[in-house]
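# Topology and contacts: notes
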Amino acid sequence: MSIHDALEAAGHSVIPVGIDRSGSWFVADSGVRPFRAEGREVDFVLPSGALVVGDEAVQADVIFPVLHGPRGEDGTVQGMFEVAGLPYVGCGVRGSAVAMDKHLAKTVVSAAGIATPRWIKIDRHRWTGDGSLIERIVSELSLPVFIKPVGQGSSIGIAKASSNEDVRSAVINAFRYDDTVIVEELVHGREIEVAVLDGPRASVPGEVVLAGGWYTYDAKYADATSQFVTPADLAEGQSRRVAHLAEEVFDHLGLNGLARIDFFLDESSGQFLFNEANTMPGFTSISGFPKMWEASGVSYPELCNHLVLAAIDRHATQAKLSTR
Ligand SMILES: Nc1ncnc2c1ncn2[C@@H]1O[C@H](COP(=O)(O)OP(=O)(O)O)[C@@H](O)[C@H]1O
Ligand SMILES: [Mg+2]
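Reading the values: rules and limits
- All residue numbers here refer to positions counted from 1 along the written sequence of the relevant chain.
- Labels are handed out in written order, letters beginning with A for the chains and numbers beginning with 1 for the ligands.
- Residues qualify for local features only when their pLDDT is at least 70, as the model is predicted, and side-chain atom pairs are given and counted only at 80 or more; totals for whole chains, interfaces and linings, by contrast, use all residues.
- Excluded from the side-chain calculations are hydrogens and water; all other atoms, namely the structure's heavy atoms, are used.
- Note on classification: 1.4 Å probe, protein chains only; a residue is buried when its accessible area is under 20% of the maximum for its type, exposed when over 50%, partly exposed between these limits.
- Numbering of helices and strands runs from the N terminus, with a helix taken as a DSSP run of H or I at least four residues long and a strand as a DSSP run of E at least two residues long.
- Throughout, a residue-residue contact means that at least one pair of heavy atoms, one from each residue, lies within 4.5 Å.
- Reported domain spans reflect what an automatic or database domain assignment gives.
- By convention, the term buried area covers the 1.4 Å-probe accessible surface removed from two parts as they join, with the contributions of both added.
- Salt bridges are defined as contacts in which a side-chain nitrogen from Lys or Arg sits within 4 Å of a carboxyl oxygen from Asp or Glu.
- Consider each residue's heavy atoms; a residue with any of them within 4 Å of a molecule or strand counts as near.
- For this analysis, a polar contact is any N or O atom pair within 3.5 Å, provided that within protein one partner can donate a hydrogen and the other can accept it, and provided that sequence-adjacent residues contribute only side-chain to side-chain pairs.
- Using a 1.4 Å probe, the Shrake-Rupley method yields the accessible areas, and only the shown protein chains count as cover for residues.
- Under the scheme applied here, ten amino acids are nonpolar (Ala, Val, Leu, Ile, Met, Phe, Trp, Tyr, Cys and Pro), four are charged (Asp, Glu, Lys and Arg), and all others, including Gly, are polar.
- DSSP calls a pair of strands paired once it identifies at least 2 bridges connecting them.
- Angular values range over 0 to 180 degrees, each being the angle between N-to-C directions of two axes fitted as lines to C-alpha atoms, with helices fitted over their stretch in contact.
- By nonpolar core we mean a set of buried residues, namely Ala, Val, Leu, Ile, Met, Phe, Trp, Tyr and Cys, connected to one another through side-chain atoms within 4.5 Å.
- Under the pairing criterion, centres of Phe, Tyr and Trp rings, with the six-membered ring standing for Trp, must be within 6.5 Å; the plane angle then separates stacked pairs below 30 degrees from edge-to-face pairs above 60, leaving the rest tilted.

## Here we look at helix H2 (residues 76–83)
Taken residue by residue, H2 has Val77, Gln78, Gly79 and Phe81 as its buried positions. For H2, the secondary structure elements touched by its buried residues are strand S4 (43–45) and helix H3 (93–100).

## Re the environment of Gly153
Looking at the secondary structure, you find Gly153 in the loop between strand S8 (145–149) and strand S9 (159–161). With relative accessibility at 22%, the residue Gly153 sits in the partly exposed group. Residues Gly153 and Asn305, spaced 152 residues apart in sequence, show a C-alpha to C-alpha distance of 26 Å.

## Brief notes about the domain arrangement of the protein
A common way to report how large an interface is uses the accessible area buried once the components associate. Taken domain by domain, the protein holds domain 1 (1–60), domain 2 (96–115 + 189–312) and domain 3 (119–185). Between the C-alpha centres of domain 2 and domain 3 the distance comes to 25 Å. Taken together, the contact between domain 2 and domain 3 spans 15 residues of the former and 17 residues of the latter. Summing the contributions of domain 2 and of domain 3, the shared interface buries around 1300 Å²; its carbon and sulfur component is 63%. Ranking the residues of domain 2 by area buried against domain 3 places Lys102, His103 and Trp214 at the top, with a combined share of 48%. Taken together, the links from domain 2 to domain 3 amount to one salt bridge. A salt bridge links Lys106 to Glu184, with the nearest nitrogen and oxygen atoms 2.7 Å apart.

## Focus: the site of ligand 1
Around ligand 1 there are 19 residues in total, and Lys102, Lys148, Ser155, Glu191 and Lys220 lie nearest to it. The backbone of Ser154 places a nitrogen or oxygen atom 3.2 Å from an oxygen atom of ligand 1. Within the side chain of Glu191, a nitrogen or oxygen atom sits 2.4 Å from an oxygen atom of ligand 1. Coverage of ligand 1 by the protein chains reaches 95% of its 540 Å² of free accessible surface. Residue composition of the shell around ligand 1, grouped by class: seven nonpolar, five polar and seven charged.

## Brief notes about the sheet that holds S8
By way of backbone hydrogen bonds, the strands of a sheet pair with one another, either parallel or antiparallel. With antiparallel pairing, four strands are arranged side by side in an open sheet as S7-S10-S8-S9. Two strands close off the open sheet at either side, each with one partner strand: strand S7 (119–123) and S9. For this sheet, the mean angle separating the axes of adjacent strands, direction not counted, is 25°. With five bridges connecting them, S7 and strand S10 (residues 180–185) associate as antiparallel partners. If you follow Ile120 over to S10, its bridge partner there is Val183. With respect to the sheet, helix H4 (residues 102–111) is in contact with S7, S8 and S10, its orientation differing from that of S7 by roughly 140°. Its contacts with the sheet place helix H5 (residues 131–141) against S7, S8 and S10, and it is angled at close to 165° to S7.

## A short note on the sheet that holds strand S1 (residues 17–19)
Taken in spatial order, the three strands make up an open sheet running S1-S2-S3, and their pairing is antiparallel. At either margin of the open sheet sits one strand with a lone partner, and together these are S1 and strand S3 (40–41).

## Section: the nonpolar core
One finds Val249, Leu253, Leu255, Ile261, Phe263, Phe272 and Phe274 to be the most contacted residues of the largest nonpolar core, which totals 26 residues. Every element with two or more residues in this core is listed here: H4, strand S11 (189–197), helix H8 (236–252), strand S15 (258–266) and strand S16 (272–278). With six residues, the top contributor of residues to this core is H8. Once residues lying within four places of it in the same chain are set aside, the contact partners of Leu255 are Cys91, Gly95, Ala99, Phe250, Ile261, Ala277 and Thr279. If you look at the next biggest cluster of nonpolar residues, it comprises 24 residues, including Leu7, Phe64, Leu303 and Leu307.

## A few points about the side chain of Glu276
With respect to the helices and strands, Glu276 occurs in strand S16. Classification of Glu276 by relative accessible area gives buried; the value is 15%. A distance of 3.1 Å separates a polar atom in the side chain of Glu276 from a polar atom in the side chain of Lys102. If we ignore the near neighbours within four places in the chain, the residues touching Glu276 are Lys102, Arg260, Ile261 and Asp262.

## Some remarks on the packing of aromatic side chains
In this description, a pair of aromatic rings is defined by centroid distance and the angle of the planes. Applying the stated criterion to the full structure yields eleven aromatic pairs. Relative to Phe283, the ring of Phe64 has its centre 5.8 Å away and its plane inclined at 70°; by these criteria the two rings are edge-to-face. Residue Phe64 is found in the loop between strand S6 (56–58) and H2, and its partner Phe283 is found in the loop between S16 and helix H9 (288–295); the two are separated by 219 residues along the sequence. Judged by relative accessible area, which is 16%, Phe64 ranks as buried. Residue classification places Phe283 among the buried residues on the basis of a relative accessible area of 5%. Their ring planes at 45° and their centres at 5.8 Å tell us that Phe81 and Tyr88 sit as a pair that is tilted. Per residue, the accessibility class of Phe81 equals that of Tyr88, and both read buried.

Listed below in structure tokens is the structure:
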């Protein structure tokens, strides 16, 4: 089932809009699955927020931005909906932007006393490629390390580096995606995730079980080497602990609507370490976020409908805020 079908079944009328790689918007043909961003071109007009197709203009009641990564999940498109005065599902501009930035998110979460893997931030203008910074990284974090552009997702631009030379080339590669890169200590352990809704209210935890290696782009989308298990096989106290941590992260990052909060369960210390917050997690009915809610007693159609109604509610509350 798709969000489209779930919302239609709940009585909403849905206009599926797709954005192609060049940034053009299209009304997708709902008869063709999976949806493709092609066909009739649509303009999103600011500041009115109208969707214009040919001579026809439609004003949507609410937007469900099922977009991942930069420009979709980092507050930019959310800002456009704010300017248009339209309700939209998920986190606002601030929460989206902070959660998308791996350095900022970890800084906020660790300041709140929640453990994270140790990391070092490198800005492009500070990177000279000379050996002393690499020496410092290796002596502080020990090899191997993970190198990540701060504002990406889907494992894009991420590498595991096991030698000084690998660190250098991985940092250079990560700078292709962002002006800021983090180098992180490697954690040996399990990958535990929690789905959170407003409240904050946490689902039962789930676990990404990998056949080996780490959760690369291919392991996420292309091959069958990973499995999502929910509820995660944890002791009751551990499940409660990680759910509570996920709610705290949701609060501290200032999130709304929904987020999937990802942790490592560190094998040596038995501690949960915050990895990242995804403000628009994968959302097919077989993705982790809906599966964790399903296991917590909330069905996919209920979840989709709830998110749309919560977006409308939040917008109504925000509209009452004083502006002067
Ligand atoms: N510090 C780390 N220790 C061990 N594995 C890691 C570490 N950081 C990332 N990984 C692996 O890389 C994957 C992707 O990293 P993540 O930070 O979640 O980026 P993305 O936002 O692209 O999902 C993780 O799911 C995990 O398998
Ligand atoms: Mg991740």
